[in-house]
Amino acid sequence: KNMKKVFDIMTQSVHGAINSMKTELKMSGNEKLSMLEQQVCASQRALSLALADTRRMELDLDRIKTQIEQCHQKARSAMEAGDEEGARSAISSKCTLQKQWDSLNGKKTVQEEKTEVLTRDLNTSKGQLEEVKRNFNMATARKEGAVVKQKLARSTVPDRPDSVASDIQEMTREAVRCEAE
């Protein structure tokens, strides 16, 4: 009976140690994963903002282009009506709008290049995050398996009751399963 109590205490101790190590491994790994996930979220936000800015620029370019066409029509109508001053005013407005359009179009091109870079960075970050998750899970399983094997190797009890022996066999199977993962 005393030997069974000792072995039960050892078994509980082994399980406690394993659970403690699992928590420790997961916490430090989870913190790392959390940091990478936050980086991915920040990249996604930056990309969303860049795409929204690009869309606003496209809408502004369309609006300015429409105003340029309207000024062109006003200039033509003024010329046909013999209104040189009206034509000059419309052409002057058209030139000002064309400069605004050119400037905004250049900014939009730069924004599109930034968007492409952000997209590539985001895809790279997502790939790295997935790889780190796989590696973390594999390393955790290996460590858990090694810990279980070490604990089992250290725990030698001469007369093991059947229930204790089955617990050890179950722990051994768990260690092999963890190592296989």
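Described in the following lines is the structure provided in the data block. What you are looking at is a predicted structure, and each value in this text was computed from that prediction instead of being measured.

**Considering the overall build of the chain**
Looking only at helices and strands, the chain features 3 helices and 0 strands. Reading the chain from its N end, one meets helices and strands in the order α-α-α. Looking at the chain as a whole, 24% of its 181 residues are labelled buried. At a minimum sequence separation of 6, the contacts of the chain that also span at least 24 residues come to 85%.

**Concerning the state of the cysteines**
Considering all chains together, one arrives at 0 disulfides under this definition. Not engaged in a disulfide, the cysteine Cys-71 finds its nearest cysteine sulfur in Cys-95; these two sulfurs lie 9.5 Å apart. Classification of Cys-71 by relative accessible area gives buried; the value is 10%.

**Notes on the environment of Gln-67**
Looking at the element boundaries, Gln-67 is found in helix α1 (residues 2–80). By relative accessible area, Gln-67 is classed as partly exposed at 27%. Measuring from C-alpha to C-alpha, the distance between Gln-67 and Leu-97 comes to 7.4 Å, with 30 residues separating the pair along the chain.

**Some points on the side chain of Gln-111**
As for its placement among the helices and strands, Gln-111 is situated in helix α2 (residues 84–154). On the basis of relative accessible area, Gln-111 is assigned to the buried category, the value being 12%. A distance of 3.3 Å separates a polar side-chain atom of Gln-111 from the backbone oxygen of Ala-50. Those residues within four positions of Gln-111 in sequence are excluded, and the remaining contacts are Ala-50, Asp-53, Thr-54 and Met-57.

**So, the environment of Asp-60**
Within the secondary structure layout, Asp-60 lies in helix α1. Using a relative accessible area of 32% as the deciding quantity, one classes Asp-60 as partly exposed. Residues Asp-60 and Trp-101 lie 41 residues apart in sequence; the distance between their C-alpha atoms is 8.5 Å.

**As for the pattern of salt bridges**
Inspection of every chain in the model, using the stated rule, returns 7 salt bridges. The residue Arg-55 makes a salt bridge to Glu-58 at a minimum N-O spacing of 3.3 Å. In this pair, Arg-55 and Glu-58 both sit in helix α1, 3 residues apart, roughly one turn of the helix. The class for Arg-55 is partly exposed, based on a relative accessible area of 45%. By relative accessible area, which is 27% here, Glu-58 ends up partly exposed. Asp-60 is paired through a salt bridge with Arg-63; the nearest N and O atoms lie 3.9 Å apart. Pair noted here: Asp-60 and Arg-63 are both in helix α1, with a separation of 3 residues, about one helical turn. By relative accessible area, which is 43% here, Arg-63 ends up partly exposed. A cluster of three or more residues bridged by salt bridges with shared partners is formed by Glu-37, Glu-130 and Lys-133.

What counts as what
Residues numbered from 1 in each chain as written. Predicted model: local features only at pLDDT ≥ 70, side-chain atom pairs only at ≥ 80, totals over all residues. Heavy atoms only, no water. Helix = DSSP H or I, 4+ residues; strand = E, 2+ residues; numbered from the N terminus. Buried < 20%, exposed > 50% of the residue type's maximum accessible area, 1.4 Å probe, protein only. Contact = heavy atoms within 4.5 Å. Disulfide = S-S within 2.5 Å. Polar contact = N/O pair within 3.5 Å; in protein donor to acceptor, adjacent residues only side chain to side chain. Salt bridge = Lys/Arg side-chain N within 4 Å of Asp/Glu carboxyl O.

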